[in-house]
Amino acid sequence: WSGLQLTGHIYRSINGGESWEQRDTGLRFEDCIRSIRGITIDPNDQNTVYAGVEVDYGCKSKERLTGRQALVYGEVYKSTDGGANWKVIWEGENLARYIWIDPRNSNRLYVSTGLFDRDAANSNIPNGVWGGVGILRSDDGGNTWTVLDKKNGLGGLYVPSLFMHPEDPDTLLAAVTYPADPGGEGVYVTRDGGDSWTKILSAEFQWAGMEAVEITVADPDIWYAAAENTAYRSEDAGETWQRFALETPDRKGGSPIDLEVDPRDPMRIFQNAYSGGNVMSTDGGETWVDASHGYTGARVEVVTVSPDDSAVVFASSSRSNDGGQTWSKLVINANAHLIHQGADGNYFLVADGYGYVYRSVDGGGTWETVKVVEQLDEPYNAALALAPSDPQIVYIGYVHNHCTLGREGGTLRECFKPMPGLFRSRDAGRTWEKINAPYEGAAITEIVVHPQNPQRILASTTKGLYGTTDEGQTWEHIEEIDQIARTASQVDTGLLQAEGVIIFDVVIDPFDPKIVLVAAEPGAVIHSTDGGLTWQQSAAGMDPNEPVTDLLTDPIHPNVIYAASRFSGVFVSTDGGNTWVQINNGLYRKDVIVLGLSADGSVLYAGTASGSGGSGVWRLGTPVTLQQ
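Here the structure is a predicted model, which is why all the values come from computation and not from measurement.

(A) A look at the packing of aromatic side chains. Tallied over the full model, the rule gives 7 aromatic pairs. Between Trp1 and Trp86, the aromatic rings sit 6.5 Å apart at their centres with planes inclined by 90°, giving edge-to-face as the arrangement. Linking Trp1 in the segment before β1 (2–3) with Trp86 in the loop between β6 (70–79) and β7 (87–92), this pair joins segments that are 85 residues apart in sequence. Look at Trp1 and you get partly exposed, because its relative accessible area is 29%. The buried category is assigned to Trp86, whose relative accessible area is 7%. Taking 5.3 Å as the distance between ring centres and 50° as the angle between the ring planes, the aromatic pair formed by Tyr439 and Tyr466 counts as tilted. With Tyr439 in the loop between β36 (433–435) and β37 (444–449) and Tyr466 in strand β39 (residues 464–468), this pair connects stretches of sequence that are 27 residues apart.

(B) Layout of the sheet that holds strand β17 (residues 210–215). Taken in spatial order, the 4 strands make up an open sheet running β17-β18-β19-β20, and their pairing is antiparallel. The open sheet has two edge strands with one neighbour each: β17 and β20 (242–245). Going from strand to strand, the sheet's axes swing by 20° on average, the running direction of each strand aside. Where strand β18 (residues 223–227) lies against strand β19 (residues 230–234), 5 bridges are found, and the strand directions are antiparallel. Across the sheet, the residue bridging to Ala226 is Ala231, located in β19.

(C) Highlighting the side chain of Ser255. Counting through the fold element by element, Ser255 comes out in strand β21 (residues 255–261). In contact with Ser255, not counting residues within four places along its chain, are Phe116, Glu211, Glu228, Gln271, Asn272, Ala273 and Tyr274.

(D) Geometry of unusual backbone geometry. Here the amide bond leading from Tyr178 into Pro179 is cis, since omega sits at 0°, within 30 degrees of zero. Positive phi is not limited to glycine here, since Ala237 has a value of about 60°. Structurally, Ala237 can be placed in the loop between β19 and β20. Taking relative accessible area as the criterion, Ala237 reaches 16% and is therefore assigned buried. Positive phi values are uncommon outside glycine, yet Asn559 reaches one of about 70°. Mapped onto the elements, Asn559 comes out in the loop between β45 (548–553) and β46 (561–565).

(E) Just the nonpolar core, in detail. In this structure, Leu384, Ile396, Tyr398 and Trp432 are the most contacted members of the largest nonpolar core, which totals 22 residues. Listing elements by their share of this core, those giving two or more residues are β30 (347–351), β33 (380–387) and β34 (390–400). Sequence-distant contacts of Ile396, that is, excluding residues within four places in its chain, are made with Ala351, Val357, Val372, Ala382, Ala383, Leu384, Gly421, Leu422, Phe423, Trp432 and Ile447.

(F) Region of interest: the sheet that holds β39. Read across the sheet, 4 strands follow the order β37-β38-β39-β40 without closing on themselves; strand pairing throughout is antiparallel. Here the strands that pair on one side only, and so sit at the sheet edges, are β37 and β40 (476–477). Looking at chain direction, strand β38 (residues 457–461) and β39 are connected through 5 bridges and run antiparallel. Note that in β39 the partner of Ser460 across the bridge is Leu465.

(G) Summary view of the pattern of salt bridges. Under the criterion given, the structure shown has 22 salt bridges. Across the pair Asp102 and Arg104 runs a salt bridge whose closest N-O atoms are separated by 2.8 Å. In this structure, Arg108 and Asp139 form a salt bridge, with 2.6 Å as the shortest nitrogen-oxygen distance. With Arg108 in the loop between β8 (96–101) and β9 (109–113) and Asp139 in the loop between β11 (135–138) and β12 (146–148), this pair connects stretches of sequence that are 31 residues apart. Here the residues in one salt-bridge network are Arg28, Arg34, Glu75 and Glu91, joined through shared partners.

(H) View of the confidence of the model for the protein. Per-residue confidence for the protein averages 85 on the pLDDT scale, and 86% of its residues sit at or above 70. Across residues 405–413, confidence stays below pLDDT 50; counting only partners more than four residues off in sequence or on other chains, it has 30 contacts. Under a pLDDT of 50 for its full length, residues 491–499 has, in the predicted model, 25 contacts with residues more than four places off or in other chains.

(I) Structural context of the environment of Asp554. Relative to the elements of secondary structure, Asp554 occurs in the loop between β45 and β46. Sequence-wise, Asp554 and Asp509 are 45 residues apart; in three dimensions their C-alpha atoms are separated by 8.6 Å. Among all residues touching Asp554, those that are not within four sequence positions of it are Pro510, Phe511, Val560, Tyr562, Leu597 and Gly601. Polar contacts involving the side chain of Asp554 include one to the main-chain amide nitrogen of Ile556, which spans 2.8 Å.

(J) Region of interest: the environment of Asp119. Mapping Asp119 onto the fold places it in strand β10 (residues 118–120). Once the C-alpha coordinates of Asp119 and Tyr178 are considered, the two residues, 59 residues apart in sequence, prove to be 9.9 Å apart. Here the side chain of Asp119 touches Tyr158 through a polar contact of 3.2 Å, side chain to side chain.

(K) Here's a closer look at the side chain of Ser528. Within the secondary structure layout, Ser528 lies in strand β43 (residues 524–528). Classification of Ser528 by relative accessible area gives buried; the value is 0%. Looking at Ser528, its side chain comes within polar contact range of the side chain of Asp530, at 2.9 Å. Those residues in contact with Ser528 that lie beyond four places of it in its chain are Lys514, Ile515, Val516, Leu533, Thr534 and Trp535.

(L) Local environment of the pairing of strand β42 (residues 516–521). Of all the 6 residues making up β42, 6 are buried; the element is thus mostly covered by neighbouring parts of the structure. Of the two faces of β42, the one carrying Val516, Val518 and Ala520 and the one carrying Leu517, Ala519 and Glu521 are both buried. Pairing of strand β41 (residues 502–508) with β42 involves 6 bridges; the strand directions are antiparallel. Along β42, the bridge assignment pairs Ile503 with Ala520. Looking at chain direction, β42 and β43 are connected through 5 bridges and run antiparallel. Along β43, the bridge assignment pairs Val516 with Ser528.

(M) Representation of the pairing of β8. Within β8, 5 of the 6 residues are buried, which leaves it mostly tucked inside the rest of the structure. Sheet topology note: the β8/β9 ladder contains 4 bridges and is antiparallel. Bridge pairing in β9 links Trp100 to Tyr110.

(N) Fine view of the environment of Phe270. The topology assignment puts Phe270 in strand β22 (residues 269–274). Classification of Phe270 as partly exposed rests on a relative accessible area of 30%.

Rules and cut-offs
- Residues numbered from 1 in each chain as written.
- Predicted model: local features only at pLDDT ≥ 70, side-chain atom pairs only at ≥ 80, totals over all residues.
- Heavy atoms only, no water.
- Phe/Tyr/Trp six-rings, centres within 6.5 Å; stacked < 30°, edge-to-face > 60°.
- Helix = DSSP H or I, 4+ residues; strand = E, 2+ residues; numbered from the N terminus.
- Buried < 20%, exposed > 50% of the residue type's maximum accessible area, 1.4 Å probe, protein only.
- Pairing = 2+ DSSP bridges.
- Axes fitted to C-alpha atoms, helices over the stretch in contact; angles between N-to-C directions.
- Contact = heavy atoms within 4.5 Å.
- Core = buried A, V, L, I, M, F, W, Y, C linked by side-chain atoms within 4.5 Å.
- Salt bridge = Lys/Arg side-chain N within 4 Å of Asp/Glu carboxyl O.
- pLDDT = per-residue confidence, 0-100.
- Polar contact = N/O pair within 3.5 Å; in protein donor to acceptor, adjacent residues only side chain to side chain.

Next comes the structure, spelled out in structure tokens:
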């Protein structure tokens, strides 16, 4: 069985995965997003199947959203004919994930709800209200439900992981994650079928709390738990725990999504994670190795090509030396902005989402860590830019990731989280100082510096585009761009409509600095030919509301510009952005969010986002070193 994210479809294979049949009649597929979060088969009847579902907030509510992350509802479905037909048996205000069936009594069900990077629909976070549901239990096959929550001893209502003891179904292990009551994050156990829960392991920090638990089948006294970059093992059924670093020799383990123990070997365990890929341990979590080779699925938000070799490309926290045929992980774990400095091809800067910059002078072999701002307790997207005329000058700004990961309910997400500000380095990233931001609490999505004048800067924000001519002492809001974008949004295109304007990217033509292009949502591409004095929309050849997220100017060929779209793939302009054509030959994924171009303009790389089909990196053109 396989359930898909974003489409909500379910498939079944009866020949070990060689072929698949869609089996989801009865699941709701309204004009909104559903994702399958869990599938469970009745151990006593293989025709009885349950599915836990995440439901996009816009399916049930058209209110303006104020969530830390995406706000979601949840559903549980049941099929009694092997998936040929389904009916909904539960609806609630958080996603449904793990479903467990008591093998002694198929009518007793347990369902965990919640995930650390989704927020319950019943939350009002700006006003300090954290929602959630807890754990569901049914004694009649899902006809009615009892909610197990804080009154039963759970320290919080976000339960991203649940595991039933293989020999005692009344014993279940649960992970409680952020948000929870102060100190409530951790591992909980019940030994009476959920009536009462006891905390047996505390989370060491609030964000994001405990995220995954597992009981081994081969030895039910061996239990595991995982938090961000941390693994735990108990050999006495949860009485005592050992703590281990969840990291490989190359990188941190990230934020765990799931644990899976080999049913033949209680010391062989796999963990998959955000920003960490898949890792494996054969010694019970004490040491880990990368198990991601050949696996694609990472959300690629950064692509940088070496200026000396078009076959050397960085994508998020990975590096390829052969044009993307094989990849190795960097020694840092930073799915964030990466730029190249200097002419030797070996000097790189990376900004992560937690207030640090990493510097390498040997092409990414070793890295120096530099603190820019006090460590952030939640992930932010970092915008990093150097001054082309003086590579010693570098700028960095931040935006909380919930502000720019998309729109919900047709409106722009409110950036209620405090922003760290705007920072400058005058010594190639060794030291940093805070400077004036475009406005107080500015959420900065991109920064670009004039090719000849390091004091002239453009900063794109979630409130439009701002410019400075004095290195950030004073800023001017370019209101005309917002007006053009809002006019474009009035066109009924069936794409994303919005009240607000997000500027995703801004570029200055290296051959003619008077030419400036902006990627806006709504508005697609907005263009100035007089250094920003006047503007017009330049979307001929694309939808006027195309969700363009990245722009690249060709450093060798004048008037050649590339644009990435989350809906339509890649566009190219050969007349300075006046007209556009798609170049999607071989690119079956159209949700492109970032581009990278070789220094000679001959090889283009595209990074794609999450969704069905596998995220990853695509290449147009062949590097010279591979041709040879």
